[in-house]
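# Architecture and fold: a report
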Amino acid sequence: MFFEDAFDVRLRRHITFAKRVDKPFSLMYSDKYKGPNSVCESTPSKLSTYRILEPGMILLEKYVSIKDQIDIIYECEKWAKSGFFNHCDHQNGAKCKVMNMCFGRNWDPNTGYKERYRSDGSEPPPIPYELVSLVKAAVQDAQAILNELPSMHPDICSVNYYPANGFLHLHQDHDESSDSLRRGLPVVSISIGECATFLYGDTRIKKKLKRIFLYSGDVLIFGGKSRLIYHRVKQIAQYTSPVQLVTEFGLRNDRLSLTFRQF
């Protein structure tokens, strides 16, 4: 497995769900980038190109600037080096092949939000306010196109780190509060790094799922009538990251996604 080969990952203790990585790792090949003055100092000055996928579901293409992508990577890098990313495996033995950490609230693929504290007894760090502002701006821009999309204030951010062979099983995002789900408060996902093949639909039947590609800087939003769509990340396409992220920043040839929700 990629992480075992690259970082000699060891488990702090046996846990049946998210397992903390004992040895910190890096999202980058080098320390070329010394860090931003702040996370996401700027948001887009104008709306990027977009695609309406379903009622309440929209893709804002190349919405996040390269500078802001670098700032986001650096913010996540600080926590990766502190050992905050987990291998997220399910109790039924299903392997996600991704690593995860959370801002705002603790979340686990088996217990949802039931456990306030992480496996090491710590609480998740708060969501940087600049990321909250970026997400709210994206939702407002999407609302200018989709008037059926509700507003939201993100208090959860789930960060997934996909290696080259990473994928995510078909699922729904339904662990949030009944009020949040009833109101259709949107899920907002930011993609950084390698391109992902993303499948979605209103059914679990694989042959009926639709397909799009999520590139670095894309923002995918689904809420309202599409809040409970089934979706998955099928595969990662290597060597598709923006050249600047790899050559100037030293990002590994993998994918980072940040998914925001309101509990």
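Treat the numbers as computed from the prediction; the structure is a model and nothing was measured. (Residues numbered from 1 in each chain as written. Predicted model: local features only at pLDDT ≥ 70, side-chain atom pairs only at ≥ 80, totals over all residues. Heavy atoms only, no water.)

## Remarks on the overall build of the protein chain
Selection rule: Starting at the N terminus, helices and strands are each numbered in turn, a helix being any DSSP run of H or I of at least four residues and a strand any DSSP run of E of at least two. Each residue is assigned to one of three classes by its accessible area relative to the maximum for its type, calculated with a 1.4 Å probe on protein chains only: buried under 20%, partly exposed between the two thresholds, exposed over 50%. The contact criterion used throughout is that any non-hydrogen atoms of two residues lie within 4.5 Å.
Regarding its fold elements, the protein chain presents five helices and 13 strands. A total of 263 residues make up the protein chain; the buried ones form 54% of that total. Contacts in the protein chain between residues far apart in sequence, at least 24 positions, make up 76% of those at least 6 positions apart.

## Considering helix α2 (residues 66-80)
Note the cut-off: To estimate how far a helix should extend, the number of its residues minus one is multiplied by 1.5 Å.
The end-to-end C-alpha distance of α2 is 21 Å, a good match for the 21 Å that 15 residues give at a rise of 1.5 Å each. Along α2, the residues that are buried comprise Asp68, Gln69, Ile70, Asp71, Ile72, Ile73, Glu75, Cys76, Glu77 and Ala80.

## With respect to the pattern of salt bridges
Stated precisely, the cut-off is as follows: For this analysis, a salt bridge means a side-chain nitrogen from Lys or Arg found within 4 Å of a carboxyl oxygen belonging to Asp or Glu.
Counted under the stated rule, the structure contains eight salt bridges. A salt bridge links Glu176 to Arg261; its shortest N-O distance comes to 3.7 Å. Of this pair, Glu176 sits in the loop between β7 (168-171) and α4 (178-183) while Arg261 is found in strand β13 (residues 255-261), placing the two residues 85 residues apart along the sequence. As far as burial versus exposure is concerned, Glu176 and Arg261 are alike and both buried.

## Quick look at the nonpolar core
Heads up, the rule is: Grouping buried Ala, Val, Leu, Ile, Met, Phe, Trp, Tyr and Cys residues that are joined through side-chain atoms within 4.5 Å yields what is termed a nonpolar core.
Among the nonpolar cores identified, the biggest contains 42 residues, and Val159, Val219, Ile221, Leu256, Leu258 and Phe260 are the most heavily contacted of them. Contributions of two or more residues to this core are made by β3 (57-60), α2, β5 (95-103), α3 (129-143), β6 (156-162), β8 (187-193), β11 (219-222) and β13. By residue number, the principal contributor to this core is α3, which donates eight residues. Once you skip the residues sitting within four places of it in the chain, Phe260 turns out to touch Ile127, Leu131, Val135, Met152, Pro154, Ile156, Cys157, Pro186, Val187, Val188 and Ile190. Core analysis: the second largest hydrophobic core is formed by 17 residues, Leu59, Leu168, Ala196 and Leu214 among them.

## Digging into the packing of aromatic side chains
Inclusion rule: The rule is short: rings of Phe, Tyr and Trp, with Trp giving its six-membered ring, pair when the centres are within 6.5 Å, and they are stacked under 30 degrees, edge-to-face over 60, tilted in between. Two conditions define a charge located above a ring, namely a distance within 6 Å from the ring centre to NZ of Lys or CZ of Arg, and an angle within 35 degrees of the ring normal.
If you walk through the whole model with that rule in mind, you get two aromatic pairs. Arranged with centres 6.4 Å apart and planes meeting at 85°, the rings of Trp79 and Phe103 form a pair that is edge-to-face. With Trp79 in helix α2 and Phe103 in strand β5, the pair connects residues that are 24 residues apart, well separated along the chain. When the ring centre of Phe263 is taken as origin, the NZ or CZ atom of Arg105, which lies over that ring, is 4.1 Å away.

## What to know about the sheet that holds strand β12 (residues 230-237)
The condition is simple: At least two DSSP bridges between two strands are needed for those strands to be called paired. Helix axes use the C-alpha atoms of the stretch in contact, all axes being lines fitted to C-alpha atoms, and the angles between their N-to-C directions lie in the range 0 to 180 degrees.
Reading across from one edge, β7-β12-β9-β10 is the order of the four strands in this open sheet, with antiparallel pairing throughout. Unpaired on one side and paired on the other, β7 and β10 (210-214) mark the two borders of the sheet. Between one strand axis and the next, the sheet turns by 25° as a mean value, whatever way the strands run. Relative to β12, β7 runs antiparallel, the two being bridged by two bridges. Each residue of the ladder has a partner; that of Leu168, found in β12, is Val233.

## Here's the deal with α3
In this model, α3 (15 residues) spans 21 Å end to end at C-alpha, consistent with the 21 Å of a helix rising 1.5 Å per residue. Looking only at α3, the buried set comprises Glu130, Leu131, Val132, Leu134, Val135, Ala137, Ala138, Val139 and Ala142. Taken together, the buried residues of α3 touch β3, α2, β8, β11 and β13.

## What to know about the environment of Pro55
By the element assignment, Pro55 lies in the loop between β2 (50-54) and β3. With 168 residues separating them along the chain, Pro55 and Gly223 place their C-alpha atoms 8.4 Å apart. Once you skip the residues sitting within four places of it in the chain, Pro55 turns out to touch Glu148, Gly223, Lys225 and Ser226.

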